[in-house]
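So you can see what is in the structure, the chains are spelled out below.
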Amino acid sequence: MAGAAKAARPRLGFLGVGWIGRHRMSAIIEADIAEVAAIAEPSAETAAEAMKLAPGAERVGGLDELLSLGLDGIVIATPSALHAEQSVLALASGAAVFCQKPLGRNAAEVQAVVDAARAADRLLAVDLSYRFTEGMQRIREVIRSGELGRLHAVDLVFHNAYGPDRPWFYDPALSGGGCVMDLGVHLVDLALWCLDFPEVAQVSSALFASGERLAPNPSQVEDYAIATLELADGTAIRLACSWRLQAGCDAAISAAFYGTGGGAALGNVNGSFYDFTAERFRGTARESLALPPDEWGGRAAADWARRLAAGERFDGSAEELVTVARVLDRIYGRA
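Okay, so let's go over this structure. (Residues numbered from 1 in each chain as written. Predicted model: local features only at pLDDT ≥ 70, side-chain atom pairs only at ≥ 80, totals over all residues. Heavy atoms only, no water.)

Right, let's get into the pairing of strand 11 (residues 236-243). Within strand 11, 6 of the 8 residues are buried, leaving the element largely enclosed by the surrounding structure. Direction of pairing for strand 7 (residues 151-160) relative to strand 11: parallel, over a ladder of 8 bridges. Bridge assignment links Leu 156 to a residue of strand 11, and that residue is Leu 239. Inspection of the sheet shows strand 10 (residues 224-231) paired to strand 11 by 7 bridges, in the antiparallel sense. (Buried < 20%, exposed > 50% of the residue type's maximum accessible area, 1.4 Å probe, protein only. Helix = DSSP H or I, 4+ residues; strand = E, 2+ residues; numbered from the N terminus. Pairing = 2+ DSSP bridges.)

The next subject is the nonpolar core. If you look at soluble globular proteins, the nonpolar side chains tend to sit buried side by side. In this structure, Ile 74, Leu 124, Met 136, Ile 139, Leu 156, Ile 237 and Phe 257 are the most contacted members of the largest nonpolar core, which totals 87 residues. Tallying contributions element by element places helix 8 (residues 179-194) first for this core, with 12 residues. Beyond its immediate sequence surroundings of up to four residues, Leu 156 is in contact with Leu 187, Leu 190, Ala 191, Ile 237, Arg 238, Leu 239, Ala 240, Ser 254 and Ala 255. (Core = buried A, V, L, I, M, F, W, Y, C linked by side-chain atoms within 4.5 Å. Contact = heavy atoms within 4.5 Å.)

Here we take up the sheet that holds strand 13 (residues 262-268). Strand order in the open sheet formed by 9 strands is 9-8-10-11-7-12-13-14-15, with mixed pairing between adjacent strands. With partners counted over all chains shown, the strands left at the sheet margins are strand 9 (212-213) and strand 15 (285-290), one partner each. When strand 12 (residues 251-259) meets strand 13, the two strands line up antiparallel, connected through 6 bridges. Along strand 13, the bridge assignment pairs Gly 259 with Gly 262. Along the sheet, helix 8 contacts strand 7, strand 8 (200-209), strand 10, strand 11 and strand 12; its crossing angle with strand 11, the most-contacted strand, is approximately 155°. Contacting strand 8 and strand 10, helix 10 (residues 319-331) runs over the sheet at an angle of about 55° to strand 8. (Axes fitted to C-alpha atoms, helices over the stretch in contact; angles between N-to-C directions.)

Following the criterion strictly, the structure yields 0 disulfides and no others. In this structure Cys 99 is a free cysteine whose sulfur lies 20 Å from that of Cys 241, the closest cysteine sulfur available. Residue class for Cys 99 comes out buried when judged on its relative accessible area of 0%. Of all cysteine sulfurs in the structure, the one in Cys 179 sits closest to Cys 241, which takes part in no disulfide; the separation is 3.8 Å. (Disulfide = S-S within 2.5 Å.)

With that settled, consider the sheet that holds strand 4 (residues 73-76). Sheet architecture is open: 6 strands sit in the order 3-2-1-4-5-6, paired in parallel fashion. Strands with a single pairing partner mark the edges of an open sheet, and in this sheet they are strand 3 (58-60) and strand 6 (124-126). When the angles between neighbouring strand axes are averaged without regard to direction, this sheet yields 20°. In this structure, strand 1 (residues 11-15) lies alongside strand 4, joined through 4 bridges in parallel fashion. Within strand 4, the residue paired with Phe 14 across the bridge is Val 75.

Moving on to the environment of Leu 124. Position of Leu 124 relative to the elements: it lies in strand 6. Since its relative accessible area comes to 5%, Leu 124 is described here as buried. Along the chain, Leu 124 and Gly 316 lie 192 residues apart, while their C-alpha atoms are 9.5 Å from each other. In contact with Leu 124, other than residues within four places in its own chain, are Val 97, Leu 103, Val 113, Val 114, Ala 117, Ala 318 and Leu 321.

Taken N-terminus to C-terminus, the directions of helix 1 (residues 19-31) and helix 9 (residues 299-309) make an angle of 50°; their axes are 8 Å apart at the nearest point. Between helix 1 and helix 9, the interaxial angle falls into the category oblique. Crossing hand, helix 1 versus helix 9: right-handed. From helix 1, Arg 24, Ala 27, Ile 28 and Ala 31 reach across to helix 9, where they touch Ala 301, Ala 302, Trp 304, Ala 305 and Arg 306. (Parallel < 35°, antiparallel > 145°, perpendicular 65-115°, else oblique. Left-handed = near helix turned anticlockwise from the far one by under 90°.)

Take Leu 195: it is sitting in the loop between helix 8 and strand 8. On the basis of relative accessible area, Leu 195 is assigned to the buried category, the value being 18%. The spatial distance from the C-alpha of Leu 195 to the C-alpha of Gly 316 is 17 Å, given a sequence separation of 121 residues. The contact partners of Leu 195, leaving out residues within four places of it in the chain, are Ile 143, Leu 151, Val 154, Leu 231 and Ile 237.

Looking at the secondary structure, you find Arg 282 in strand 14 (residues 276-282). Classification of Arg 282 as partly exposed rests on a relative accessible area of 43%. The spacing of Arg 282 and Asn 268 is 14 residues in sequence and 20 Å in space, taken between C-alpha atoms. The contacts of Arg 282, once residues within four sequence positions are left out, are Glu 147 and Glu 287.

Counted according to the given criterion, the structure contains 23 salt bridges. The closest approach of N and O atoms between Glu 320 and Arg 131, which form a salt bridge, is 3.3 Å. Taken as a pair, Glu 320 in helix 10 and Arg 131 in the loop between strand 6 and helix 6 (134-145) lie far apart in primary sequence, 189 residues in all. Given the relative accessible area of 22%, Glu 320 is considered partly exposed. (Salt bridge = Lys/Arg side-chain N within 4 Å of Asp/Glu carboxyl O.)

Here it is in structure tokens:
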């Protein structure tokens, strides 16, 4: 297993190699820091596509077979209902874990995974990929430099003109929720990450499905949601996310931070899911912080693999995953 003294390339297993899993595999391969040793994927066609990227990998039947190989790390890209259980099993076996979001369907599941990582002293990371865009990296630097003064307002949006194409996304027992669990998790994480995870004092929200407002802790998934987070220091965070919103473009994605000394914002370009600009505001003037192109999609996975190769073990910042999950529970009215 990977340890503090190990400098060899980590041997990784990939559990699920659909589009996301395959893309993360490609990023790790391109970074040239780990070996793709094994793949577990029920679809023969999908597995074959992944094997083209890693022709030396062994195809196995599932997680148990992956864990029997004594791998250093497991990359999990399976349906959300399986994430927590699979992560706990992998960590308990001695493997580090990189998991597609959400890590769990609620805060209790996420806490169980983080506890397992701590007990096993293994590196745990989740694919919160927007942290790794050049634009968000630059904005976080500006915020932490103090240039924006005292921040008092944060506005975040993620509207996706399309809904997920897998039926399990629409069953809250399997997905944990709708657009908030799918997209809102990124918004909550970005806001709290940029602000160094301050205390969230109050949470209010409104969730909708097909235009109808849902009761708290709904029994169906939401396709539109708004929420306000009030921080203990008085800062207000507002977020909105949706599936299939008729917004006139493929996607509307933004994260804006406003303080007494100016503002900074990330925004997608022409409805793109992939191209972002970042700008710094001073009054009515603006300056560019980052421009496309920016190949950011696989950076979170490559970063985890790099840290694993360096011998890193449990990182206490994994508790941030629990903090985000607790906020999501409050948005859903589960806490």
